[in-house]
Amino acid sequence: MTDNKNNSNIENKLQAIEITKIFPHPVKKETNIAIFAGASFEMSAGNLNFIIGPSGSGKTTLLRMLMGIEPLSAGEVFLNGQAIHTLKGKEKIDYFKSVGYMDQFPARYLSLSLSARRNLTYSLRLYRKTGREEEKKQVEEIATTLNLESLLNQKTLSLSGGELRRLALACSMIHNPSLLLLDEPTAQLDAENKETILTLLKKLNETIRSLIIISTHDMTIIEPATTFKIEGRRVIKWK
Amino acid sequence: MKMFIHRLLERKRMLVKISLICGFLLLTSISVLFIPQLANPHILRKHFYSFSQGWSGKSFSSNFEDSFAAGNDFEIFDAWSEESIIFLNNFSAIVEKCSIESFGLYQPQRVVALSEEVVTGWNFTESTNQTLLIGLPNDLFLSLLNVSEGNVETDALIITNQSTISLGEWLFSYQIYGTNNTFNFQLNITSYLLEDLFRRDFPTFYDFLSKRNLQEANHLILMPLGKFAEIFQPVKKQFSGRWSIYAFVKFTVFQRDIMYWSIDSPGKVHSFLKLLISELKAIERTFTLVQEPSSLMESFFVSENPLIYLIYSFIRIIQIFVWLLSIFLIALTIAKLQKSNIYKELRTILSGISWRKRILWLFMESLLISLGASLIVILLLFPFIRLQVVFGGTRFVFTNNIFIGASICLVVLFTLILSTFIDFDFYLRRVLVKGLYSEEYRPLGKMRRSLKGGIGFILLVLFTWLLNYRDYFATLIELGIIIGVGIISFLFYYFMRFLVNGIIQLKVKNKLKTNKPASKAFILFKFRQKALTQKMFIYLFALTFISSMLFYSTFTADSYTSSYIYIQGAEITITTKELPNIDSINPFLENYSAIEDFTSVLKSYHMTAYDNHTLIKTDLENQTAYLFGISPEDYFNFYSNWNKKHWLAEGELTSTNTSMLYVSNRFKSLEFLIGDIIEFIDGSKYQIGGFIEDWPVLCDKYDSRNELIIIMPASALQTSLILLGENNFSVNYYLHIQPKKINATISYLEPHLKGLGESFVKLTALDTLVFTGIRIVFLIPIIILFEIGLFFFGAFFLFQQLEELVNDPAAKTLGLVAMQSDYRLPFRKTLLIEDAILLASLGMIFLINFFVAFLILPAISCLSLGLVGISTSSLLYSIILFLLFATLLAVQNGLEYWRYYQIDLSEIYRYPE
């Protein structure tokens, strides 16, 4: 979090130009399915950016493309002016380090048999080498931000759905990424937990300068001004 | 390191499971290394050889020389050297060193190395031109001196059978080989050793010397090698003479079994000899072996036997099959683990961790799994070995080959784990470039199937070829069998699949027709379709295959025992040459409780011509007839259990009619009829009661169609023989005793029979070890196969349980359905019915085996198995197998039920993937 304040003068901005994604048909190999065809959009930090669309419309695929692990069939993607679709080798790894990703199924990325603290520590260690004291400080700081202090020593398996989402969120942003991609962060949560997550996200958006992109099909959490909709293989501003 | 510990903590359960699976597979892989030792084709051949020799058991005779000449179990090294023989003092140590290096065997029973020369010797009272002068290693000479008579301060020791031998100064003359020159020397011999004492106290050495024509030498003089060399050194040097060297090595029976009868003995014997010669040459460069030891060389000839080829192939195939399956299962196990961790692994790579660090992690994980697996092997190997001892009474030998093989297995395990990990890493990196859904993970996924198959096949060929010591023919046989068995297995698997799928299809059609909802059992069956096919395949194919083999091997061993007794007649036979012995031996045998019953058979043969010197009066002239005198009552009681109806081609056997005799079919072809009279020299007349078809067991093996044979009451034959003053006969006693009591009975009989003097010919006992050997040779591979099958089963079961329930969609769905309250009872019933069906199928296979073995095969004369021959232990084996199978099924299904029972539905709800 300390580093984040130092980077506060950088305005994180993402530009996607004419992106296209084509998958081969799972059965008829000779035919293709186009998910996106010439989609362009622009997102910037300071607001929570939402991507909406029905199930199977390509929300998760879009996040993966922005993350750099799903190659584009055509088009370009820039983050702060840097072309991310052409990155290779060490540059690509450096880019990965600047991205935080929270999966729609948190159990995929978390170690359920370990404590919440260990999961956070591991996530931090994956990206950064720090001293033991500094490490502890950062873990506790993010736990405070996301109301996880009392859960730190609990086994991850015993956490509720909302708590698990918060922990996954904490793990995905503990390394202070420039781009934070959240895939269905409120899925399968009750209204109260949804509200908690949304409040936290808004709070985070004010404290950190990361570009936050959230994919969801839950219309109750979106902010219309910064919401993009996937429609007709394109990404368009909702309102 | 911190990261690695975190990773370990996260993956600990998986790693433990993988270590267990790899441990089981490693254990099976190492266990098959022992198969050549236990199911050794050479030993099998040895047992069959003993078996085909008829009486293979203990035999002793009143003639000492005969039994003395019988032993031929020394290795004789006939050699020469030019410079020195003192190195022979080290021969014993060198032999031991070489046998350790080549065979892993310590200390042969006896090693003697000596040098000899024939000289002419004389002293004041005696002279001889054939004195064998032998130079011995010092330690052996001193031990001989200890039991000798006379003064120990002596140059040499003379072996004699007279205590009156003249001691003191002896002069010797030695003719130098190839010249007319002689060389004289003197020895002060003040000590002698009586031959009987020598034979008694040093029997092995005495036997060794007897091989060197001991009897031909008039005197035998033994002296230390140092002194011997000192005497002959100047002469040898002057005339470029060679030293004659003889070395005798006697290995123990156990050592001989390993050396001569092991699967790789030809190669090892070769390396043993090569090593021995090079070691000896290192000490004495002119050492030259004139003739290679014959027993050692036998293993070369044995290995060329086609039967051995086939048995070798069988063993190799078991080994290759187990190793291939282990490799396949290990690769699949690691792949399964990796697949369930794909997102976490991706995250680690995305964090930008260096590849060096990642490789180090994978290396350490592979090492940990390998160490864990090794620990499991160490813990399980001992019980495995104990099991062999309990079942087969055999022992394992950890030879160099086993250690090398085990190390190779471990290295292969480690390499396999590491390479599977690395292969997955390559997959992850491909996924990062091409997208997560671009490909499904499979080991070596980028390689084309045909290429993978091709490489696998080349490796298989290479592997088989190397295992067979680059023998093309054996490799070809084995590959043929592997491909054949592979095709049969596939056909069987697809047949099972077709059957299960067919049943489901029919059921579905039926349901659709009747328009009724599917039953609970059917729904469960549908969910378990794939698992059920696998289970049916494993159980029905593998386990019942093994059980059938067990069945046949057990009962075949029994059958051999019984048919052997059937042919040979009894367990102990005594042959004697004097009629009065009958009266002497009978009460002696009757008084010993271990002898259940016995019968004596008087055997003689005579020309059938009518004159005063023949026994039988017939119209047949100058033909030899074999006569067997036997008490009818004894005879019929002796084997009352045997079915006697096949014995006669015509006529009737009665035990009480003493005026009857029975003749071979040859008489019938000579136009004799039932009721015809045969007259004997004493005027007694006997009526032909029947023609013999199958020759009675006690009367040797003759062809009833071509020989003239008469079986008649013993008393009648005896009277005629006495009257004729005939001594061309023998009396055989057939003793019926429990096989376990054979040794005790021999000990009881031996002194008494020896007391009979010259008239006693020999005593032969059935060596039950022959049957034990056959049983072991048949059974051990089967038991090992069964045990290996069990380990495989354990590994496969764990493999199926490897993934967490929440990660396995098929198991999850079944679990969710099965654990609903109204499905629990049907699920339990389904498992129970499954058990019952599989158990019934095993029972059915036993039943089919039983009918084939005891009804069909004997009917078509393939195998003569008699129910009467089945031993209690065989029945016990079968029952144990059946119970083991039932337990296995119960445990497997119990664990499966427990696994579903433990499903935490809330967990599945929370983490739906």
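Each value, and the rule that gives it
Residues numbered from 1 in each chain as written. Chains lettered and ligands numbered in written order. Predicted model: local features only at pLDDT ≥ 70, side-chain atom pairs only at ≥ 80, totals over all residues. Heavy atoms only, no water. Helix = DSSP H or I, 4+ residues; strand = E, 2+ residues; numbered from the N terminus. Buried < 20%, exposed > 50% of the residue type's maximum accessible area, 1.4 Å probe, protein only. Contact = heavy atoms within 4.5 Å. Areas by Shrake-Rupley, 256 points an atom, 1.4 Å probe, with all protein chains shown as cover. Axes fitted to C-alpha atoms, helices over the stretch in contact; angles between N-to-C directions. Parallel < 35°, antiparallel > 145°, perpendicular 65-115°, else oblique. Nonpolar A, V, L, I, M, F, W, Y, C, P; charged D, E, K, R; others polar. Pairing = 2+ DSSP bridges. Expected span 1.5 Å × (residues − 1). Arc of directions from axis to C-beta. Left-handed = near helix turned anticlockwise from the far one by under 90°. Buried area = accessible area lost by both parts, 1.4 Å probe. Salt bridge = Lys/Arg side-chain N within 4 Å of Asp/Glu carboxyl O. Polar contact = N/O pair within 3.5 Å; in protein donor to acceptor, adjacent residues only side chain to side chain. Phe/Tyr/Trp six-rings, centres within 6.5 Å; stacked < 30°, edge-to-face > 60°. Lys NZ or Arg CZ within 6 Å of the ring centre and 35° of its normal. Core = buried A, V, L, I, M, F, W, Y, C linked by side-chain atoms within 4.5 Å.

## So, the overall build of chain B
Next up, step 1: Each helix and strand counted, chain B has 30 helices and 23 strands in total.
Next up, step 2: Looking at chain B residue by residue over its 913 residues, the buried ones come to 50%.
Next up, step 3: Intrachain contacts of chain B at a sequence separation of at least 6 include 80% that bridge at least 24 residues.
Next up, step 4: If you sum the accessible surface of chain B, you get close to 44000 Å²; carbon and sulfur atoms cover 61% of it.

## Some words on the packing of helix 14 (residues 342-350) of chain B against helix 16 (residues 400-434) of chain B
Residue and element names in this part refer to chain B.
Next up, step 1: In the contact formed by helix 14 and helix 16, the axes pass within 10 Å of each other and the chain directions differ by 75 degrees. By the angle class used here, helix 14 and helix 16 are roughly perpendicular. Across the interface between the two elements, Ile342, Glu345, Leu346, Ile349 and Leu350 from helix 14 touch Phe424, Asp425, Tyr427, Leu428, Arg429 and Leu432 from helix 16.
Next up, step 2: Within the contact of helix 14 with helix 16, the residues separate by chemical class into eight nonpolar, no polar and three charged.

## Notes on the sheet that holds strand 1 (residues 13-24) of chain A
Residues and elements named next belong to chain A.
Next up, step 1: With antiparallel pairing, four strands are arranged side by side in an open sheet as 2-1-4-5. Looking at which strands have only one partner, the edges of the open sheet turn out to be strand 2 (32-44) and strand 5 (82-83).
Next up, step 2: Direction of pairing for strand 4 (residues 74-79) relative to strand 5: antiparallel, over a ladder of two bridges. Bridge pairing links Phe78 to Ala83 in strand 5.
Next up, step 3: Strands strand 1, strand 2 and strand 4 of the sheet are contacted by helix 2 (residues 59-67), whose axis makes an angle of about 120 degrees with strand 1.

## Comments concerning helix 5 (residues 91-103) of chain B
Residue and element names in this part refer to chain B.
Next up, step 1: For helix 5, built from 13 residues, the straight-helix expectation of 18 Å at 1.5 Å per residue is met to within 8% by its first-to-last C-alpha distance of 17 Å.
Next up, step 2: The complete set of buried residues in helix 5 reads Phe91, Ile94, Val95, Cys98, Ser99, Ser102 and Phe103. Around the axis of helix 5, the buried residues are gathered within 130 degrees of arc, so they sit on the same side.

## Some thoughts on the packing of helix 6 (residues 161-173) of chain A against helix 7 (residues 191-207) of chain A
Residue and element names in this part refer to chain A.
Next up, step 1: Running from N to C, helix 6 and helix 7 cross one another at 20 degrees; their axes reach a closest spacing of 9 Å. With respect to each other, helix 6 and helix 7 are oriented roughly parallel. Between helix 6 and helix 7 the crossing geometry is right-handed. Residue-level contacts link Gly162, Arg165, Arg166, Leu169 and Met173 of helix 6 to Asn193, Thr196, Ile197, Leu200, Leu201 and Leu204 of helix 7.
Next up, step 2: For the contact of helix 6 with helix 7, the residue count by class is six nonpolar, three polar and two charged.

## Focus on the interface of chain A and chain B
Next up, step 1: Opposite the 35 residues of chain A that make contact, chain B presents 25 residues.
Next up, step 2: Summed over both sides, the interface of chain A with chain B buries roughly 3100 Å², with 58% coming from carbon and sulfur.
Next up, step 3: Counting the contacts that link chain A with chain B gives zero salt bridges.
Next up, step 4: Our count for the contact surface shared by chain A and chain B stands at five residue pairs in polar contact (both at pLDDT 80 or more).
Next up, step 5: Ranked by the residues each element gives to the side of chain A that touches chain B, the list is headed by helix 4 (residues 116-127) of chain A, at seven residues.
Next up, step 6: For the side of chain A that touches chain B, the class distribution of residues is 18 nonpolar, nine polar and eight charged.

## Digging into the packing of aromatic side chains
Next up, step 1: Counted under the stated rule, the structure contains 23 aromatic pairs over all chains.
Next up, step 2: A ring pair is formed by B:Tyr174 and B:Phe232, whose centres lie 5.0 Å apart and whose planes are at 80 degrees; its orientation type is edge-to-face. Remark: B:Phe232 occurs in helix 9 (residues 225-238) and B:Tyr174 occurs in strand 7 (residues 168-175); sequence separation between them is 58 residues.
Next up, step 3: Here B:Tyr174 falls in the buried class, since its relative accessible area comes to 7%.
Next up, step 4: Every member of this aromatic cluster is reached through a ring pair, and the members are B:Trp170, B:Phe172, B:Tyr174, B:Phe183, B:Phe185, B:Phe228, B:Phe232 and B:Trp243.
Next up, step 5: In this structure, A:Lys21 packs its charged tip against the face of A:Phe23, placed 5.0 Å from the ring centre.
Next up, step 6: The ring of B:Trp243 has B:Lys236 sitting right over it, with the charged end atom 5.2 Å from the ring centre.

## So, the environment of B:Leu275
Residues and elements named next belong to chain B.
Next up, step 1: Along the chain, the position of Leu275 falls in helix 11 (residues 265-283).
Next up, step 2: What makes Leu275 partly exposed here is its relative accessible area of 21%.
Next up, step 3: For the pair Leu275 and Ser99, spaced 176 residues apart in the sequence, the C-alpha separation amounts to 9.2 Å.
Next up, step 4: Beyond its immediate stretch of four places on either side in the chain, Leu275 contacts Cys98, Glu101 and Ser102.

## Side note on the nonpolar core
All names here are of chain B.
Next up, step 1: In terms of nonpolar packing, the biggest core is built from 47 residues, with Cys22, Ile30, Ile330 and Ile417 touching the most fellow members.
Next up, step 2: Those residues in contact with Ile330, other than ones at most four positions away along the chain, are Cys22, Leu25, Leu413, Leu416 and Ile417.
Next up, step 3: Judged by nonpolar contacts, the second largest core, of 46 residues, contains Tyr192, Ala229, Val235 and Leu289.

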